[in-house]
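Here is how the chains run, residue by residue.
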Amino acid sequence: SRSRVQAMLAKEFNQVLERVSAKRAKASRYFAYAATVTAKAFNRDNECHAWCGIRVQMYPGAEASEIILHVRMRDNTAEQQQDVLGKLGVNLIYGAYYYFENPKKIIDSLTDNLEHGRIEVDSIEFHGPYFEEVDNRGINLHLIRSWKTRGVMFKPDGKVAIPSEMLYKKNVLTIRGSFRPATKLNVDMIEQGQKAFRQLDDVSEENSIA
(Lines give C-alpha, C1' and ligand atoms only; values in the text may rest on other atoms or scores of the structure.)
Protein backbone atom coordinates (compact mmCIF):
# COMPACT_ATOMS: atom_id res chain seq x y z
CA SER A 1 0.00 0.00 0.00
CA ARG A 2 0.98 3.64 -0.34
CA SER A 3 1.16 4.09 3.43
CA ARG A 4 3.44 1.08 3.82
CA VAL A 5 5.98 2.21 1.24
CA GLN A 6 6.00 5.72 2.72
CA ALA A 7 6.66 4.28 6.20
CA MET A 8 9.49 2.18 4.76
CA LEU A 9 11.02 5.25 3.09
CA ALA A 10 10.85 7.32 6.28
CA LYS A 11 12.48 4.61 8.38
CA GLU A 12 15.24 3.74 5.93
CA PHE A 13 16.07 7.37 5.11
CA ASN A 14 16.44 8.18 8.82
CA GLN A 15 18.66 5.12 9.26
CA VAL A 16 20.92 6.31 6.43
CA LEU A 17 21.32 9.70 8.07
CA GLU A 18 22.00 8.17 11.48
CA ARG A 19 24.62 5.71 10.20
CA VAL A 20 26.63 7.60 7.61
CA SER A 21 25.93 11.35 7.68
CA ALA A 22 28.60 12.00 10.34
CA LYS A 23 31.19 10.11 8.30
CA ARG A 24 30.46 11.51 4.83
CA ALA A 25 31.43 14.86 3.37
CA LYS A 26 29.01 17.76 3.89
CA ALA A 27 28.48 17.85 0.12
CA SER A 28 26.82 14.40 0.17
CA ARG A 29 23.18 13.87 -0.76
CA TYR A 30 21.22 10.93 0.62
CA PHE A 31 18.30 8.83 -0.56
CA ALA A 32 16.26 5.76 0.30
CA TYR A 33 14.42 3.54 -2.17
CA ALA A 34 11.65 1.13 -1.19
CA ALA A 35 9.09 -1.13 -2.86
CA THR A 36 6.26 -3.32 -1.62
CA VAL A 37 5.24 -5.92 -4.19
CA THR A 38 2.58 -8.51 -4.96
CA ALA A 39 4.31 -10.68 -7.54
CA LYS A 40 3.14 -13.64 -9.61
CA ALA A 41 2.21 -16.56 -7.34
CA PHE A 42 2.80 -20.15 -8.39
CA ASN A 43 -0.13 -21.62 -10.30
CA ARG A 44 -2.32 -18.57 -9.60
CA ASP A 45 -3.67 -15.82 -11.83
CA ASN A 46 -3.35 -13.05 -9.23
CA GLU A 47 -3.02 -9.35 -9.89
CA CYS A 48 0.64 -8.34 -9.91
CA HIS A 49 1.40 -4.81 -8.80
CA ALA A 50 3.76 -2.77 -6.66
CA TRP A 51 4.16 0.50 -4.80
CA CYS A 52 7.61 2.02 -5.31
CA GLY A 53 9.12 5.21 -4.01
CA ILE A 54 12.21 7.25 -3.36
CA ARG A 55 12.95 9.80 -0.66
CA VAL A 56 15.85 11.99 -1.74
CA GLN A 57 17.69 15.18 -0.92
CA MET A 58 17.74 17.40 -3.99
CA TYR A 59 20.67 19.35 -2.49
CA PRO A 60 23.10 18.55 0.34
CA GLY A 61 21.43 19.20 3.68
CA ALA A 62 18.03 19.92 2.12
CA GLU A 63 14.78 18.56 3.51
CA ALA A 64 13.93 15.37 1.64
CA SER A 65 11.26 15.12 -1.06
CA GLU A 66 9.42 12.01 -2.25
CA ILE A 67 8.23 10.39 -5.46
CA ILE A 68 5.69 7.58 -5.03
CA LEU A 69 4.34 5.47 -7.91
CA HIS A 70 2.06 2.51 -8.41
CA VAL A 71 2.82 0.00 -11.17
CA ARG A 72 1.14 -3.04 -12.66
CA MET A 73 3.38 -5.82 -13.92
CA ARG A 74 2.50 -7.66 -17.12
CA ASP A 75 5.15 -10.41 -17.22
CA ASN A 76 4.09 -14.02 -16.65
CA THR A 77 6.72 -15.11 -14.12
CA ALA A 78 7.99 -13.77 -10.81
CA GLU A 79 11.55 -13.79 -12.18
CA GLN A 80 10.59 -11.53 -15.09
CA GLN A 81 8.69 -9.23 -12.78
CA GLN A 82 11.70 -9.01 -10.48
CA ASP A 83 13.84 -8.03 -13.46
CA VAL A 84 11.46 -5.32 -14.65
CA LEU A 85 11.03 -3.83 -11.17
CA GLY A 86 14.80 -3.72 -10.73
CA LYS A 87 15.20 -1.73 -13.93
CA LEU A 88 12.31 0.54 -13.02
CA GLY A 89 13.91 1.20 -9.64
CA VAL A 90 17.23 2.14 -11.23
CA ASN A 91 15.43 4.49 -13.63
CA LEU A 92 13.52 6.13 -10.76
CA ILE A 93 16.69 6.68 -8.71
CA TYR A 94 18.55 8.08 -11.72
CA GLY A 95 15.66 10.33 -12.71
CA ALA A 96 15.19 11.65 -9.16
CA TYR A 97 18.86 12.68 -9.03
CA TYR A 98 19.37 14.08 -12.51
CA TYR A 99 15.91 15.15 -13.75
CA PHE A 100 14.37 16.46 -10.52
CA GLU A 101 13.83 19.90 -12.07
CA ASN A 102 11.63 18.33 -14.75
CA PRO A 103 9.03 15.87 -13.37
CA LYS A 104 7.79 15.08 -16.88
CA LYS A 105 11.27 13.91 -17.84
CA ILE A 106 11.34 11.68 -14.75
CA ILE A 107 8.13 10.05 -15.99
CA ASP A 108 9.49 9.69 -19.53
CA SER A 109 12.62 7.94 -18.24
CA LEU A 110 10.88 5.38 -16.02
CA THR A 111 10.70 2.77 -18.77
CA ASP A 112 14.14 3.35 -20.30
CA ASN A 113 15.61 0.03 -21.51
CA LEU A 114 12.30 -1.78 -20.90
CA GLU A 115 10.28 -3.46 -23.62
CA HIS A 116 6.90 -1.84 -24.23
CA GLY A 117 4.03 -3.54 -22.44
CA ARG A 118 5.98 -5.18 -19.62
CA ILE A 119 4.87 -2.65 -17.03
CA GLU A 120 2.18 -0.01 -16.57
CA VAL A 121 2.61 3.05 -14.34
CA ASP A 122 -0.92 4.12 -13.44
CA SER A 123 -0.20 6.59 -10.62
CA ILE A 124 2.62 8.90 -9.57
CA GLU A 125 2.79 11.53 -6.86
CA PHE A 126 5.43 14.13 -6.01
CA HIS A 127 5.68 15.38 -2.42
CA GLY A 128 8.01 17.56 -0.42
CA PRO A 129 9.46 21.05 -0.48
CA TYR A 130 11.06 20.75 -3.90
CA PHE A 131 7.82 19.63 -5.55
CA GLU A 132 5.45 22.09 -3.89
CA GLU A 133 4.51 23.61 -7.25
CA VAL A 134 3.87 20.26 -8.95
CA ASP A 135 0.18 19.63 -9.68
CA ASN A 136 -0.18 15.89 -9.09
CA ARG A 137 -3.42 15.77 -11.09
CA GLY A 138 -1.83 17.42 -14.10
CA ILE A 139 1.38 15.42 -13.91
CA ASN A 140 -0.60 12.16 -13.86
CA LEU A 141 -2.11 13.08 -17.21
CA HIS A 142 1.43 12.95 -18.57
CA LEU A 143 1.43 9.23 -17.80
CA ILE A 144 -1.12 8.91 -20.62
CA ARG A 145 0.75 11.20 -22.99
CA SER A 146 3.99 9.26 -22.46
CA TRP A 147 2.26 5.88 -22.95
CA LYS A 148 2.91 4.71 -19.40
CA THR A 149 -0.80 3.92 -18.90
CA ARG A 150 -4.09 4.09 -20.80
CA GLY A 151 -6.03 6.04 -18.19
CA VAL A 152 -5.87 7.69 -14.78
CA MET A 153 -8.50 8.23 -12.11
CA PHE A 154 -9.13 10.96 -9.55
CA LYS A 155 -11.22 10.97 -6.40
CA PRO A 156 -13.92 13.63 -5.88
CA ASP A 157 -11.45 15.65 -3.77
CA GLY A 158 -9.00 15.70 -6.69
CA LYS A 159 -6.47 13.23 -5.27
CA VAL A 160 -5.00 10.56 -7.54
CA ALA A 161 -6.77 7.19 -7.29
CA ILE A 162 -5.68 3.66 -8.14
CA PRO A 163 -8.24 2.16 -10.56
CA SER A 164 -7.90 -1.38 -9.19
CA GLU A 165 -8.64 -0.10 -5.67
CA MET A 166 -11.49 2.21 -6.64
CA LEU A 167 -13.26 -0.32 -8.87
CA TYR A 168 -12.64 -3.56 -6.95
CA LYS A 169 -15.92 -5.50 -6.62
CA LYS A 170 -17.89 -2.43 -7.70
CA ASN A 171 -20.66 -2.00 -10.25
CA VAL A 172 -19.41 0.84 -12.44
CA LEU A 173 -21.41 3.51 -14.27
CA THR A 174 -19.39 5.66 -16.67
CA ILE A 175 -20.57 8.78 -18.48
CA ARG A 176 -18.63 10.26 -21.35
CA GLY A 177 -18.26 14.01 -21.60
CA SER A 178 -15.98 17.03 -21.28
CA PHE A 179 -18.17 19.09 -18.87
CA ARG A 180 -16.57 22.48 -19.55
CA PRO A 181 -18.33 23.59 -17.42
CA ALA A 182 -20.71 21.03 -15.92
CA THR A 183 -24.22 22.37 -16.57
CA LYS A 184 -27.48 21.64 -14.75
CA LEU A 185 -28.40 19.39 -17.68
CA ASN A 186 -25.19 17.39 -17.22
CA VAL A 187 -25.87 16.99 -13.49
CA ASP A 188 -29.47 15.92 -14.12
CA MET A 189 -28.36 13.33 -16.70
CA ILE A 190 -25.85 11.90 -14.22
CA GLU A 191 -28.37 11.74 -11.38
CA GLN A 192 -31.06 10.14 -13.54
CA GLY A 193 -28.54 7.66 -14.92
CA GLN A 194 -27.55 6.66 -11.37
CA LYS A 195 -31.21 6.14 -10.39
CA ALA A 196 -31.84 3.89 -13.39
CA PHE A 197 -28.55 2.03 -12.83
CA ARG A 198 -29.43 1.22 -9.21
CA GLN A 199 -32.70 -0.36 -10.27
CA LEU A 200 -30.74 -3.20 -11.85
CA ASP A 201 -30.37 -6.48 -10.00
CA ASP A 202 -27.57 -6.59 -7.39
CA VAL A 203 -26.79 -2.89 -7.82
CA SER A 204 -27.02 -0.56 -4.81
CA GLU A 205 -25.46 2.68 -3.63
CA GLU A 206 -23.05 0.72 -1.44
CA ASN A 207 -21.62 -1.53 -4.17
CA SER A 208 -21.61 0.87 -7.10
CA ILE A 209 -19.54 3.82 -8.22
CA ALA A 210 -20.23 6.49 -10.84
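Preceding this paragraph is the structure being described.
Let us look at the structure shown here. (Residues numbered from 1 in each chain as written. Predicted model: local features only at pLDDT ≥ 70, side-chain atom pairs only at ≥ 80, totals over all residues. Heavy atoms only, no water.)

1. Brief notes about the packing of aromatic side chains
- The full count for this structure, using the stated rule, is eight aromatic pairs.
- Plain terms: the ring middles of Tyr94 and Tyr98 are 4.6 Å apart, the flat faces sit at 40° to each other, and that makes the pair tilted. Taken together, the residues span about one helical turn, with Tyr94 and Tyr98 both in helix H2 (residues 78–98) at a distance of four residues.
- A relative accessible area of 57% means that Tyr98 is categorised as exposed.
- Put simply, the rings of Tyr59, Phe100, Phe126, Tyr130 and Phe131 touch in pairs and so form one group of aromatic residues. (Phe/Tyr/Trp six-rings, centres within 6.5 Å; stacked < 30°, edge-to-face > 60°. Helix = DSSP H or I, 4+ residues; strand = E, 2+ residues; numbered from the N terminus. Buried < 20%, exposed > 50% of the residue type's maximum accessible area, 1.4 Å probe, protein only.)

2. Quick look at the layout of surface pockets
- Within this model, the second largest pocket holds a volume of roughly 320 Å³.
- What lines the second largest pocket is a set of 14 residues, and nearest its centre among them are His116, Gly117, Ile119, Trp147 and Lys148.
- Along the lines of polarity and charge, the residues of the lining of the second largest pocket split into four nonpolar, four polar and six charged. (1 Å grid on protein atoms, 1.4 Å probe; cavity = no way out; pocket = protein on both sides within 12 Å on 5 of 7 lines; lining within 4 Å. Points joined across faces, edges and corners; volume = space filled by probe spheres on them. Nonpolar A, V, L, I, M, F, W, Y, C, P; charged D, E, K, R; others polar.)

3. Overview of unusual backbone geometry
- The phi angle at Asn113 is positive, at roughly 65°, despite the residue not being glycine.
- Residue position: Asn113 is located in the loop between helix H3 (103–109) and strand S4 (119–127).
- Of note, Asp202 is a non-glycine position whose phi angle comes to about 65°, a positive value.
- In this fold, Asp202 is placed in the loop between helix H6 (184–197) and strand S8 (208–209).
- Residue class for Asp202 comes out exposed when judged on its relative accessible area of 69%.

4. Comments concerning helix H1 (residues 2–20)
- End to end, H1 covers 27 Å across 19 residues, agreeing with the expected 27 Å (1.5 Å per residue, within 8%).
- By the burial criterion, the buried members of H1 are Val5, Leu9 and Phe13. For H1, the arc enclosing every buried residue in end-on projection is 65°, short of the 170-degree limit, so these residues lie on one face. Of the exposed residues in H1, those oriented more than 90 degrees away from the buried face are Ser3, Arg4, Lys11, Glu18 and Arg19.
- In the core, the buried residues of H1 are packed alongside strand S1 (31–38), strand S2 (49–56) and strand S3 (65–73). (Expected span 1.5 Å × (residues − 1). Arc of directions from axis to C-beta. Contact = heavy atoms within 4.5 Å.)

5. A few points about the sheet that holds S3
- One open sheet holds the four strands; their spatial order is S1-S2-S3-S4, and the pairing between them is antiparallel. The open sheet is flanked by S1 and S4, the only strands paired with a single partner. Between one strand and the next, the sheet's axes are offset by a mean angle of 15°, whatever the strand orientation.
- Sheet topology places S2 next to S3; eight bridges connect them, and they run antiparallel. Bridge pairing in S3 places Trp51 opposite His70.
- This element, H1, spans S1, S2, S3 and S4 of the sheet and lies at about 150° to S1.
- The strands that H2 touches are S1, S2, S3 and S4; relative to S2, the one it contacts most, it runs at about 25°. (Pairing = 2+ DSSP bridges. Axes fitted to C-alpha atoms, helices over the stretch in contact; angles between N-to-C directions.)

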